[in-house]
Amino acid sequence: MRLDEPSWWYREAAGAAAKILEPLGAAFGWVVRARYYRSHPHRARFPVICVGNFTAGGTGKTPLTIYLCEQLKAAGHEPVALTRGYGGRLTGPYWVNGGTDRARDVGDEALLLAAVAPTLLARNRRLGAEAIARGPHPVTVIVMDDGLQNPTLSKDLTLAVVDGRRGLGNGRIIPAGPLRAALDMQLELTDGVIVNEPAPTSGEVADWLRRRFAGPVLRASTTPACALDWLRERKVLAWAGIGAPERFFSLLRVLGADLITCVTFPDHHRLSQAEAARLLTAARSASATLVTTEKDAVRLRGEAGALDELWRRSRSVPVRLQFSAQEAERLAVLVDAALSQH
C-alpha cells in the first residue's frame with residue numbers, strides 16, 4: 001500500500017482511524033462546499049469539458065482527457081488541454097512543450113497530454129482559459145484535466161471518472177476516506193460518470209452509482225494502446241508510482257507477463273537516484289525486464305545517472321481508455337450537446 005493512501009480508506013467497515021478522523025473530514029467537506037457555492041466562476045470564451053473524479057488517487061482522468069481530445073480532433077474540433085501541472089514546479093499560465101519540458105517542471109500528466117493536443121498549464125484555471133483564448137493555438141473547446149471541485153471556471157460538461165475496482169471506498173471525506181467532498185454535492189456538479197473497470201467485471205460499482213445518480217453512468221476499460229506480445233511469459237519486475245498501481249499490475253498479468261516483483265511508489269513520485277539504482281540492481285539479480293507505465297517513464301526523461309539508466313532500461317506500457325460502440329455513442333451525444341449549448 002502506498003504511503004499517501006491508507007489501506008483502510010477502501011474497507012467497507014469503518015475502522016477506528018476513519019471514525020476518529022471523520023470530524024476532520026466533515027470540516028474539510030464543509031470548506032469545499034462553501035468555497036464552491038460562494039464563488040463566481042469565470043465564463044470562458046470556448047466550451048469547457050471538465051474531467052474529474054470524486055476521490056483522491058488515480059481513477060483514469062488523464063486517459064479520458066486524452067480520449068476526448070482524440071475524439072474531438074477526429075470530429076473536426078480544435079481541443080486544447082488545460083492542466084494544473086500537478087507534481088511540477090511551474091504555476092503558469094505556460095504552454096507545455098512535450099519535446100523539451102521535463103516532468104519536474106510541468107508534471108507527468110502535462111507531458112502525456114501535450115503528445116495529443118496543445119496543452120496549457122495553469123494552477124489558476126481562469127487565467128488559463130484567458131491564456132488559451134489569446135493563442136497562439138487554434139481552439140474550439142477546452143478539455144480540463146481535473147477540476148470537478150474547482151469553482152473558478154464555468155463548465156459546459158463535467159465528467160467524473162470512478163475506479164471500477166475500488167469504487168468510492170468507505171464513503172468518507174479526506175482524511176477519513178478517499179472522497180474529495182461529500183458525495184451528494186459532487187453528484188450535483190456532475191453531468192456524467194465513467195466507470196473505469198477491469199474486464200471482465202460484474203459492473204457492481206456502475207450499478208451502485210446508477211441507483212444514486214440520475215445522469216448517465218457509462219462503462220469503460222483500460223486497454224493496451226499497441227501490441228504487447230513481448231510481455232507473454234517474460235519475467236518482469238514491474239514498478240509504478242500512480243494512483244491505482246494494482247490496475248496496472250493486473251493488466252500485465254492479463255497480458256501474460258510473469259510478474260516476479262511489483263514495486264509501488266506514491267502517486268506522481270519523483271524517484272531518487274538511490275531508488276532507481278535499487279530497481280536496476282533487483283532487475284539484474286532476477287534477470288527480469290523492468291516494466292512501468294507511460295506516466296512513470298515520462299518522469300525519468302531528461303534525468304541523469306541511475307535515473308537515466310532506469311529510463312533507458314524500463315519498457316513502458318501505453319494504455320488507452322476503451323468504450324464499447326454503444327457507450328462511445330452515448331458519450332459523444334453528451335459532448336455534442338454541451339458544445340452546441342455554449
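Cut-offs applied
Residues numbered from 1 in each chain as written. Predicted model: local features only at pLDDT ≥ 70, side-chain atom pairs only at ≥ 80, totals over all residues. Heavy atoms only, no water. Buried < 20%, exposed > 50% of the residue type's maximum accessible area, 1.4 Å probe, protein only. Helix = DSSP H or I, 4+ residues; strand = E, 2+ residues; numbered from the N terminus. Right-handed = clockwise from strand over helix to strand, strands pointing away. Phe/Tyr/Trp six-rings, centres within 6.5 Å; stacked < 30°, edge-to-face > 60°. Lys NZ or Arg CZ within 6 Å of the ring centre and 35° of its normal.

**Student:** Would you mind showing me how to read the pairing of strand 6 (residues 157–163) here?
**Tutor:** Regular strands have side chains that alternate between both faces of the sheet. Within strand 6, seven of the seven residues are buried, which leaves it mostly tucked inside the rest of the structure. Neither face of strand 6 is left uncovered, since the one carrying Leu157, Leu159, Val161 and Asp163 and the one carrying Thr158, Ala160 and Val162 both have all their residues buried. As for the winding sense of the linkage, the β-α-β connection from strand 6 through helix 6 (residues 183–188) to strand 7 (residues 192–196) is right-handed.

**Student:** Honestly, unusual backbone geometry in this entry has me stumped. Any pointers?
**Tutor:** Across the chain, the bulk of peptide bonds are trans and the bulk of non-glycine residues have phi less than zero. Residues Gly92 and Pro93 are joined by a peptide bond in cis, for which omega reads 0°. The peptide bond linking Ile174 to Pro175 adopts the cis configuration, its omega dihedral lying at 5°. Of note, Pro175 is situated in the loop between strand 6 and helix 6. Despite not being glycine, Asp146 has its phi angle at roughly 80°, a positive value. Structurally, the position occupied by Asp146 is in the loop between strand 5 (141–145) and strand 6. Positive phi, close to 65°, is recorded for His268, a residue that is not glycine. Note that His268 resides in the loop between strand 10 (258–264) and helix 9 (273–286).

**Student:** Explanation requested: the packing of aromatic side chains in the structure shown.
**Tutor:** Where two aromatic rings form a pair, the distance of their centres and the angle of their planes describe that pair. Enumeration according to the criterion identifies four aromatic pairs in this entry. The interplanar angle of 50° and the centroid separation of 4.9 Å between the aromatic rings of Tyr67 and Phe323 together place this pair among those described as tilted. With a gap of 256 residues between them, Tyr67 in helix 2 (residues 61–74) and Phe323 in strand 13 (residues 319–323) connect regions that are remote in the sequence. Neither residue differs from the other here; Tyr67 and Phe323 are each classed as buried. Ring centres of Phe248 and Phe249 lie 5.8 Å apart, and the angle between their planes is 50°; on these two criteria the pair is classed as tilted. Over the ring of Tyr10 we find Arg166; its NZ or CZ atom is 4.5 Å from the centre of that ring. The lysine or arginine in question, Arg315, covers the ring of Trp230, its NZ or CZ lying 3.8 Å from the ring centre.

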